[in-house]
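# Notes for the structure review
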Amino acid sequence: MIKTLAVMTSGGDSSGMNAAVRAVVRRALDRGLRVYGIYSGYDGLLRGGDLIKPLNWQDVGNVLQRGGTFLGTARSEQFKTVEGRRRAVENLLDRGIEALVVIGGDGSLTGALLLSNEWHEHVEKIATVRPELRPMVEQTPKLQVMGLPGSIDNDLSGTDMAIGVDTALNHIVRAIDHLSSTAASHQRTFVLETMGRNCGYLALAGTLATGASWMLIPECSLELHWHQRMVECLDKARKTGRRHQMVVIAEGARHPDGLRMEAGEVRKILTEKLGIEVRLTVLGHVQRGGPPSAFDRVLSARLGVAAVDRLVDEPDVVHCHMVGVKKNRVVSTPLTEVIEKSREIQRLIESGDFSKARELRGEAFGTMLELVEALTAPCPSQESAGRGSVVIMTGGADSPGMNAALSIAARRLLDCGVSVLGSKDEFYGLTHGDFVNLEWNDLAGWMGRPSSDIGTARSSQVLEDFGKIAENIAKFDIKGIIAIGGLDTYRHVQRFAQMRADFPEFNIPMVLVPACIDNNLPGSDLCIGSDTALNNIVEAVDKIRDTAGATRRAFIVETMGKECGFLAAMAALAAGADKAYLPETGISLAELNKDVSELKKSFESGNRMVIYMRNEDASRHYTTDFLRRLLEEESKDEFEVRSVVLGHVQRGGSPTAFDRILAGRISAGAAGALLELMKNGSSEVLAFGLKDGAVASSPLSEALDQIDALHGRPKVQWFMDLIPFIHSLAKSRPCCREMPGVEEPRPIAR
Ligand code: ADP
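Residues numbered from 1 in each chain as written. Predicted model: local features only at pLDDT ≥ 70, side-chain atom pairs only at ≥ 80, totals over all residues. Heavy atoms only, no water.

Moving on, we get to the pattern of salt bridges. In this structure the tally under the stated criterion is 43 salt bridges. Between Asp 434 and Lys 424 there is a salt bridge whose closest N-O contact spans 3.4 Å. Within this pair, whereas Asp 434 is found in the loop between helix H15 (427-432) and strand E14 (435-437), its partner Lys 424 is found in the loop between strand E13 (419-423) and H15, the two being separated by ten residues in sequence. Taking relative accessible area as the criterion, Asp 434 reaches 26% and is therefore assigned partly exposed. A salt bridge links Glu 676 to Lys 679, with the shortest nitrogen-to-oxygen separation between them at 3.4 Å. Of this pair, Glu 676 and Lys 679 are both found in helix H23 (residues 657-679), three residues apart, which corresponds to roughly one turn of the helix. For Glu 676, a relative accessible area of 39% puts it in the partly exposed group. (Salt bridge = Lys/Arg side-chain N within 4 Å of Asp/Glu carboxyl O. Helix = DSSP H or I, 4+ residues; strand = E, 2+ residues; numbered from the N terminus. Buried < 20%, exposed > 50% of the residue type's maximum accessible area, 1.4 Å probe, protein only.)

Next up, the structure:
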């Protein structure tokens, strides 16, 4: 079994690298390993000395919320030579390092693969010159290598998302939102360039998430007169009432002849052909920086822990792999395969085989591309042809991303010639014939709006008026219903469908889209709004952490979630809290006793702040206030105790990029399925969601069977597997003082 591991970050930095280093270091210490940090990437590895230092528990404290990488990163030409890599191997041998975790992109992982492949040759040569290293060479016949994908471009095969992508996408989405508001005021057109030399993921997802008007990415072939199409589209949209236009271009976009396209050229074309003022914004390095999003922190924790666990638990395997996340599961892929497949896509793009390149990018990429191609059109591709209407409603407590789900579902239907009515306040509109007409051009601007513009309601009372609803279904020629909402909405729709024997008008198809910050709905690993709420919580906890000063403080932060612990658990993991009190596990007196004693020890051992997350329904009697008073009593004035109830702050704000994309994928799938059901004369009722990384559906009754009705949450919850990581990585663990740590390295004899 390995005893010593080193971790490094390399290549372009990305937000979340610190979180990944923290996870690797703490998990490795927790599993009894000695840990080194390599500073300045491969440059540090081959220079050695002070650039390879032991890391202990506290060395990775307070880095989780910081962008960039505290280990530093550098590009090293010397490492690309055999001599350079030999020096790197010698430095590893000198310190007895048997396993290396590299966090970086395609180039960095190529370097790691070479180190692994050449290990035997290098160590043999080194041992002939330095015989004292022979025992170490015998002990380490192979270097164990684990890669973690760290690249904002999302161009690595073997993972659906790389560390830093989600944060970068949020920067892009926020920038487009901000530019759109100024563009709308002045009726201006903007060209915005995103990063992505070889991959258009950021530009594509940014376009979909914001309803931008046009997109240029490396994965799309351009016909010779591509600019004519772009100009015509923008001109038509402006003439039909769009007040602002946004063209998003990935830095790797190319002309039909393969030459790189400059964002300035696009601006020039638009200025000349449209005769209007066009502004250019190149986002540049803003995309790399800033605190990592909640998603990136959780991803980093999952991958960091998995990398160490695989190295420790599979001692007989020669590891030369990258751990990534596919279909919401951690997987490991041989580095050779990761590198070959990532380069294959690049080659396909260069040779003009775009369809194969897009196929290799995966299902989500393809779905987003299809959606963007349909939704950036200046008008629906089919006229409304008297095919009746579909009603869309949003129900239950409002959640960020409802407008995005509504916008995409409605446009998908309008594009197929179906008119769409928004039912005001869930079933109220349907009962009273009070609808909002949803129009193509307006809807593009709804992607970033908080909450729901057509209103939500807890409409169990209104639902008693089945007769009026039936009348209106006939009167407005309603052929189908899309309901976006939470568990109550699911149950209302079920009741509605159950009344079909009395009201034959209800024999129309209905589809459900999961939108609820609690993430407690069946048939979907994630619900629309939960990522935004999670980020709201994590930002708040970061601010609380910033108040760490002269006083020792314990905080109890209460989150929403009803009887589902998703928000409290994920926030604890993402914000580095010490513990999460969850409704799934409850709170016992014995546990509180243990927590009080650990808390005291933690402060005694020098910690200045401890943060506990508590879900609002974790226990009926051990409330947040009770916990505060209990800890205060036990503190004996050695530390202060504060409680923070975050409340509705968690629901607010513009949806994150992740929630908008999730909303887009699920609601487009639901709208597409509804059209099919309508065509086939079916009256099925289906619940949609994202399951194992793909949009999936099941009959509503089956979906509701997956719910633990007493507690209002799914019977099986994937995130429960991550709960042990919270404690394993927590900052204030008193035992961390007793961790083995590393002796100072032996001097390098050279
Ligand atoms: P990224 O990892 O973000 O793709 P780079 O391509 O700049 O970033 O690679 C980072 C570092 O990885 C390089 O500076 C170099 O030291 C090492 N590296 C990149 N490509 C190779 C290669 N083909 N052989 C050996 N080392 C490489």
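Our focus in this paragraph is the side chain of Ser 76. Structurally, the position occupied by Ser 76 is in the loop between strand E3 (52-54) and helix H3 (82-94). Polar side-chain contacts of Ser 76 include one of 3.5 Å to the backbone nitrogen of Gln 78. Among the polar contacts listed, one links the side chain of Ser 76 to the backbone nitrogen of Phe 79, at a separation of 3.1 Å. With near-sequence residues (within four places) excluded, Ser 76 lies in contact with Tyr 42, Asp 43 and Leu 46. (Polar contact = N/O pair within 3.5 Å; in protein donor to acceptor, adjacent residues only side chain to side chain. Contact = heavy atoms within 4.5 Å.)

Looking now at the packing of helix H4 (residues 106-129) against helix H11 (residues 335-350). In contact at an axis separation of 10 Å, H4 and H11 are set at 140° when each is read in the N-to-C sense. You can see that H4 and H11 cross each other, and the crossing is left-handed. Two secondary-structure elements touch here, H4 through Asp 106, Leu 109, Thr 110, Ala 112 and Leu 113 and H11 through Leu 335, Thr 336, Val 338, Ile 339 and Arg 343. Its residues placed into classes, the contact of H4 with H11 shows six nonpolar, two polar and two charged. (Axes fitted to C-alpha atoms, helices over the stretch in contact; angles between N-to-C directions. Left-handed = near helix turned anticlockwise from the far one by under 90°. Nonpolar A, V, L, I, M, F, W, Y, C, P; charged D, E, K, R; others polar.)

On to helix H17 (residues 466-475), then. Residues of H17 that are buried: Phe 466, Ile 469, Ala 470, Asn 472 and Ile 473. The buried residues of H17 occupy one face: seen down the axis, they fall within an arc of 165°. Facing away from the buried surface of H17 by more than 90 degrees, the exposed residues are Glu 471, Ala 474 and Lys 475. Tucked inside the fold, the buried residues of H17 contact H15, strand E15 (478-485) and helix H18 (487-498). At the C-terminal side of H17, Asp 477 shows a positive phi close to 50°. (Arc of directions from axis to C-beta.)

Moving on, we come to the domain arrangement of the protein. Split by domain assignment, the protein resolves into domain 1 (4-163 + 292-326), domain 2 (165-287), domain 3 (389-527 + 655-711) and domain 4 (533-653 + 724-730). Computed from C-alpha atoms alone, the centre-to-centre distance between domain 3 and domain 4 is 36 Å. Domain 3 puts 13 residues into the contact, and the matching count from domain 4 is 13 residues. Summing both partners gives a buried area of about 1,100 Å² for domain 3 against domain 4, and 54% of it is carried by carbon and sulfur. Counting the contacts that link domain 3 with domain 4 gives one salt bridge. A salt bridge links Asp 518 to Lys 562, with the shortest nitrogen-to-oxygen separation between them at 2.8 Å. Between the two partners, domain 3 and domain 4, sit three residue pairs in polar contact (both at pLDDT 80 or more). (Domains from an automatic or database assignment. Buried area = accessible area lost by both parts, 1.4 Å probe.)

Let us look at the pairing of strand E4 (residues 99-104). Most of E4 sits inside the fold, with six of its six residues counted as buried. Both faces of E4 are covered, namely the face carrying Ala 99, Val 101 and Ile 103 and the face carrying Leu 100, Val 102 and Gly 104. Two elements, strand E1 (residues 4-9) and E4, share five bridges in a ladder whose sense is parallel. Each bridged residue has a counterpart across the sheet, and for Met 8 the counterpart in E4 is Val 102. With six bridges connecting them, E4 and strand E5 (residues 144-149) associate as parallel partners. Bridging across to E5, Ile 103 finds its partner in Leu 148. (Pairing = 2+ DSSP bridges.)

Turning our attention to the sheet that holds strand E6 (residues 189-194). With parallel pairing, the four strands of this open sheet are ordered in space as E7-E8-E6-E9. At either end of the open sheet lies a strand with only one pairing partner, and these are strand E7 (214-216) and strand E9 (278-282). If you compare each strand with its neighbour and ignore which way they point, the axes differ by 15° on average. Inspection of the sheet shows E6 paired to E9 by five bridges, in the parallel sense.

Moving on, we get to the sheet that holds E15. Backbone-to-backbone hydrogen bonds join strands into a sheet, with any given pair of strands oriented parallel or antiparallel. Spatially, the seven strands line up as an open sheet ordered E14-E13-E12-E15-E16-E21-E22, and their pairing is mixed. Because the sheet does not close on itself, it has two edges, and the strands there are E14 and strand E22 (694-699). In this sheet, neighbouring strand axes are inclined to one another by 25° on average, regardless of whether the strands run parallel or antiparallel. Sitting on the sheet, H18 touches strand E12 (389-395), E15, strand E16 (510-514) and strand E21 (685-691), and the angle it makes with E16 is about 170°.

In this section: the environment of Met 8. By the element assignment, Met 8 lies in strand E1. Each C-alpha atom of the pair Met 8 and Leu 64 lies 16 Å from the other, and the pair is 56 residues apart in sequence. When residues no more than four places from it in sequence are discounted, the contact partners of Met 8 are Ile 38, Gly 41, Tyr 42, Leu 45, Leu 71, Leu 100, Val 101, Val 102 and Ile 103.

As for its placement among the helices and strands, Arg 552 is situated in the loop between helix H19 (530-546) and strand E17 (553-559). In this structure, the C-alpha to C-alpha distance between Arg 552 and Leu 443, residues 109 residues apart in sequence, is 50 Å. Non-local contacts of Arg 552, meaning those with residues more than four positions away in its chain, are made with Phe 603, Asn 607, Arg 608, Glu 638, Phe 639 and Glu 640.

Bringing the nonpolar core into the picture now. Counting residues in each nonpolar core, the largest one holds 155 residues, and the members touching the most others are Leu 5, Leu 148, Tyr 201, Ile 482 and Met 613. Sorting elements by how many residues they give to this core places H23 first, with 14 residues. Beyond its immediate stretch of four places on either side in the chain, Met 613 contacts Ile 537, Val 541, Val 557, Thr 559, Ala 568, Ala 571, Ala 572, Ala 577, Lys 579, Ala 580 and Tyr 581. In terms of nonpolar packing, the next biggest core, distinct from the first, is built from 35 residues, Tyr 42, Ala 112, Val 137 and Val 338 among them. (Core = buried A, V, L, I, M, F, W, Y, C linked by side-chain atoms within 4.5 Å.)

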